[in-house]
Amino acid sequence: MTKSIAEALSPSAALQASGRDWGRIRWFELAFWVVAIGAAFVLPSGFLLLNELAILILFAVSLDLVLGYAGIVSLGHAAFFGLGAYCAALLAKHFGIDPILGLLASASLAALLGLLSSVLLVRGHDLTRLMVTMGVALLLYEVANKMHWLTGGADGLTGVTMEPLFGSIEFDIFGRTAYTYSICVLAILFLLARILVRSPFGMSLHVVRQNPLRAAALGIHVNRRRATIYTIGAAYAGVAGALLAQTTGFASLDVLDFHRSADVLLILVIGGTGYLYGGIIGAVVFKLMQDWLASMTPQYWQFWIGLLLVVIVVVGHQKLIRPWTWFRKNQGGAA
Amino acid sequence: MLTILFDGVAYGMLLFVLACGLAVTMGLMNFINLAHGAFAMAGGYITVILTARWGIPFLAALPIAFVATALLGAVLERTLYRRVYGQNELNQVLFSIGLTLMAVAAVDYFMGAQQQFLLLPEWLTGRSTIAGVGIGHYRLFIIVICVLLVIALQLILSRTRFGSRLRASVDDPRAASGLGININLVFISTFAVGSGLAGLGGALGADLLGLDPTFPLKFMIYFLVVVAVGGTSTITGPLLAALLLGIFDVAGKYYIPTIGAFIIYAVMIVSLMWKPDGLFSNVGKK
């Protein structure tokens, strides 16, 4: 009798197999990472742009964890990015700390802030959440702006010299080291995130996002799950910020600016949420588009970004990436 | 001290006029309109253009700004906003941020990035001292107009047929439309009036708040604070929230300038922590 209950509770072989299949790494994922890391050794130049791209991707992935897996719309994700950037820059400037240690310090500090603000976040409804995320980011912006003696205020924090990586590899001016460093950090963190979201924990997040009420009925502690993933997302964003500060040797108020939170949201919308690779696709498209628009209309490129957002929402993301459905009649339901 | 209080009240009143449209549309349509500030900016620029280029007196420009932004709001509601109502929160946020970015860039393109100045008529620029309290005429003017507006809005909401329709729609749109209320008409007129009020607020505040293309982004958080703290179910909620915000902000900037806008965000976070649904909300009392 007891045996049959244990059998009933443990997942069946078929379920376990489908779970394994769900978490399997596909060949094209592998190919992507081989190309991305290989680029560091093969390409002759263009590392500065690639480095920026890698950081943007990591930032987008961090938001995807929060938005795509927990369904929390954040308008202030730059808070963690900026905190990480300032933390890494200050540690490097005043203590000459090892870059890897700097990353870890930034990640933990950002995670701490994430944990603290998640207390606010799990209370209240949509609007409150939006306000809290945005409020935290604006608060940090003001703090960084006013604490001139520490952060350099509006002038930015200059004179950050990085220690060599592992005590021996110097950061060169062409950014080869920087890119290699960033892409490796990205690859490791991406893999970790992938394991995380394809674990039972990740599955429970899906349930929480799709139907919090039902998740609670299934015995999932909804608020704790949300707080956990928000904290993890914050740590990821902190690492992204730290990478930016370390590889450029500079931190300014720009890292906390509202447009950064909006941009990363746009990236995810372009790429799609909830499968991690959306961050990569979105970041690449966004960066290319930004460069192209900025070269055409240096001052007004934001107009086109805004137009894109409006079009995406009004037409619908699903419809926009499938041009062959444009002239078909809408077959019931919202597009 | 009293002067600061006075300035704070004027500032708060202004914020209320700017934000009350947002509160009503949010309560009515459940739509988070981050582009609300863009309407305010439109109102401000319309007034500046009317007074500076065409020589229309300031008092006449105000109603024109109201009507023009209301029309703009109505057109946008019909063409764009309507499609986004039913969509999820993320799409609403993206859509309205997109609109805001477009508005910022467009104004930058047509008007330039510099700050615009409003030519006030002479009788509004002075400052007199009454019983030891320094009172700027323009601020007094703002307070008077805003008080009149508040009274008018309250009367419309509580006494007229449209007001009761509006309240019914806010409480339960489905039941309201089942009772034969034309929800779409209520939506569009509310949106238009809300945008118009924002435009009027922008016109009034062009001098006090400063008007440049980044206006919608700079003040977006203020509007949202008013709505989030005040709740969306009444007019008095946002009014009190706006007054609190105005007084705190002015006093904070005066007494402890080093902290600056810090206070506002701190107050907002604390109040949202204490009462996540807004200080004056009646959610749950239904």
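Since we're looking at a predicted model, the values are computed, not measured.

Calculation rules
- Note that residues are indexed from 1 along each chain, following the sequence as it is written.
- As they are written, the chains are lettered A onward and the ligands numbered 1 onward, keeping that order.
- The predicted nature of this model means local features are confined to residues of pLDDT at least 70 and side-chain atom pairs, given and counted, to a pLDDT of 80 or more, with totals for whole chains, interfaces and linings taken over all residues.
- A run of DSSP states H or I qualifies as a helix once it reaches four residues; a run of E qualifies as a strand once it reaches two. Both are numbered from the N-terminal end.
- Partly exposed residues are those falling between the two cut-offs: more than 12 but fewer than 20 other C-beta atoms within 10 Å of their own, whereas 20 or more means buried and 12 or fewer means exposed, with C-beta atoms placed from the backbone.
- What a helix is expected to span follows from its residue count: subtract one and scale by 1.5 Å.
- Confidence of the predictor in every single residue is expressed as pLDDT, which spans 0 to 100.
- An automatic or database domain assignment supplies the start and end points of every domain.
- All residues other than Ala, Val, Leu, Ile, Met, Phe, Trp, Tyr, Cys, Pro, Asp, Glu, Lys and Arg, Gly among them, are scored as polar; the first ten of these are nonpolar and the last four charged.
- Placing a C-beta atom from the backbone of each residue, one calls two residues in contact when those atoms lie within 7 Å.
- Whenever a helix is involved, its axis is fitted only over the stretch in contact; in every case the axis is a line through C-alpha atoms, and angles between N-to-C directions fall within 0 to 180 degrees.
- Working definition: roughly parallel below 35 degrees, roughly antiparallel above 145 degrees, roughly perpendicular at 65 to 115 degrees, and oblique for all remaining angles.
- With the far helix as reference, a near helix turned anticlockwise by less than a right angle produces a left-handed crossing, and one turned clockwise produces a right-handed crossing.
- Definition of nonpolar core: a set of buried Ala, Val, Leu, Ile, Met, Phe, Trp, Tyr and Cys residues joined via C-beta atoms within 7 Å.

**Student:** Mind laying out the overall build of chain A, listing which residues take part and the relevant values?
**Tutor:** When you go through chain A residue by residue, the secondary structure sums to 16 helices and zero strands. Evaluated residue by residue, chain A yields a buried proportion of 46% over its 335 residues.

**Student:** With reference to specific residues and values, describe the overall build of chain B.
**Tutor:** From N to C terminus, chain B includes 11 helices and two strands. When the helices and strands of chain B are listed from N to C terminus, the series reads α-α-α-α-β-β-α-α-α-α-α-α-α. Residue burial in chain B is summarised as follows: out of 286 residues, 48% are buried.

**Student:** Please give an account of helix 5 (residues 137-159) of chain B that cites residues and values.
**Tutor:** Compared with the 33 Å implied by 1.5 Å per residue over 23 residues, the 32 Å span of helix 5 of chain B between its first and last C-alpha is a close match. Among the residues of helix 5 of chain B, B:Tyr138, B:Arg139, B:Ile142 and B:Cys146 are the ones counted as buried.

**Student:** Before we move on, can you summarise the environment of B:Gly8 with the specific residues and values?
**Tutor:** Its location among the elements puts B:Gly8 in helix 1 (residues 2-29). The exposure class of B:Gly8 is buried, given the 23 C-beta atoms found within 10 Å.

**Student:** Describe the confidence of the model for chain B, with residues and values.
**Tutor:** On average, residues of chain B score 78 in pLDDT, and 88% of them are at 70 or above. Of the two predicted TM-score estimates for the complex, the pTM is 0.81 and the ipTM is 0.73.

**Student:** Help me get a handle on the domain arrangement of chain A, residues and values and all.
**Tutor:** Accessible area lost upon the coming together of the parts is a frequently used measure of interface size. Residue and element names in this part refer to chain A. For chain A, the assigned domains read domain 1 (35-296) and domain 2 (300-335). The C-alpha-based centres of domain 1 and domain 2 are spaced at 28 Å. Taken together, the elements giving at least two residues each to the side of domain 1 that touches domain 2 come down to helix 13 (258-271) and helix 14 (277-296). Here the residues of the side of domain 1 that touches domain 2 sort into four nonpolar, one polar and no charged.

**Student:** Before we move on, can you summarise the interface of chain A and chain B with the specific residues and values?
**Tutor:** Contacts between chain A and chain B engage 35 residues on the former and 40 residues on the latter. Breaking the side of chain A that touches chain B down by element, the ones donating at least two residues are helix 7 (126-146), helix 13 and helix 15 (301-315) of chain A. Ranked by residue count, the leading element in the side of chain A that touches chain B is helix 7 of chain A, at 13 residues. Classifying every residue of the side of chain A that touches chain B by side-chain character gives 25 nonpolar, six polar and four charged.

**Student:** I'd like a rundown of the packing of helix 1 of chain B against helix 8 (residues 183-209) of chain B, residues and numbers included.
**Tutor:** Residues and elements named next belong to chain B. Helix 8 packs onto helix 1 with a crossing angle of 160 degrees between their chain directions and a minimal axis gap of 9 Å. When the axis of helix 1 is compared with that of helix 8, the two are roughly antiparallel. By crossing handedness, the relation of helix 1 to helix 8 is classed as left-handed. Its residues assigned to classes, the contact of helix 1 with helix 8 shows 17 nonpolar, eight polar and no charged.

**Student:** I'd love a proper account of the nonpolar core, names of residues and values included.
**Tutor:** Among the nonpolar cores identified, the biggest contains 196 residues, and A:Leu58, B:Ala19 and B:Val226 are the most heavily contacted of them. If you tally residues by element for this core, the top one is helix 1 of chain B, at 18 residues. In terms of domain composition, this core takes at least three residues from each of domain 1 (35-296) and domain 2 (300-335) of chain A. Beyond its immediate chain neighbours, meaning those up to four positions away, B:Ala19 contacts B:Phe223, B:Val226, B:Val227, B:Pro238 and B:Ala242.

**Student:** I'd like to hear about the packing of helix 9 (residues 215-230) of chain B against helix 11 (residues 262-274) of chain B, residue by residue, with values.
**Tutor:** All names here are of chain B. At their nearest, the axes of helix 9 and helix 11 sit 10 Å apart, and the two run at 25 degrees to each other. Taken together, helix 9 and helix 11 sit at an angle that is classed as roughly parallel. For the pair helix 9 and helix 11, the crossing hand works out as left-handed. On helix 11, the residues that touch Val 225, Ala 228 and Val 229 of helix 9 are Ile 264, Met 268, Ser 271 and Leu 272. Within the contact of helix 9 with helix 11, the residues separate by chemical class into six nonpolar, one polar and no charged.

**Student:** Account for the environment of A:Ile305, naming residues and giving values.
**Tutor:** Its location among the elements puts A:Ile305 in helix 15. Each C-alpha atom of the pair A:Ile305 and A:Leu266 lies 8.6 Å from the other, and the pair is 39 residues apart in sequence. Each residue touching A:Ile305, except ones within four places of it in the same chain, is listed here: A:Leu266 and B:Leu101.

**Student:** Provide a residue-level description of the confidence of the model for chain A, including the pertinent values.
**Tutor:** Summing up the model confidence of chain A, the mean pLDDT is 80 and the portion of residues at 70 or higher is 85%. Overall, residues 330-335 of chain A carries pLDDT values under 50, and its contacts beyond four positions in sequence, including any with other chains, amount to five contacts.

**Student:** An account of the environment of B:Val104 is requested, with residue identities and associated values reported.
**Tutor:** With respect to the helices and strands, B:Val104 occurs in helix 4 (residues 89-111). In this structure B:Val104 touches A:Gln302, B:Pro213, B:Thr214, B:Pro216 and B:Leu217, once residues within four positions along its chain are discounted.

**Student:** Residue-level account of helix 12 (residues 222-248) of chain A, with values.
**Tutor:** All names here are of chain A. Under the 1.5 Å per step criterion, the end-to-end length of helix 12 is 39 Å for 27 residues, consistent within 8% with the ideal 39 Å. Burial runs high along helix 12: 23 of the 27 residues are buried. Where helix 12 ends, the next residue or the one after it, Gly 249, has phi of about 65 degrees, a positive value.

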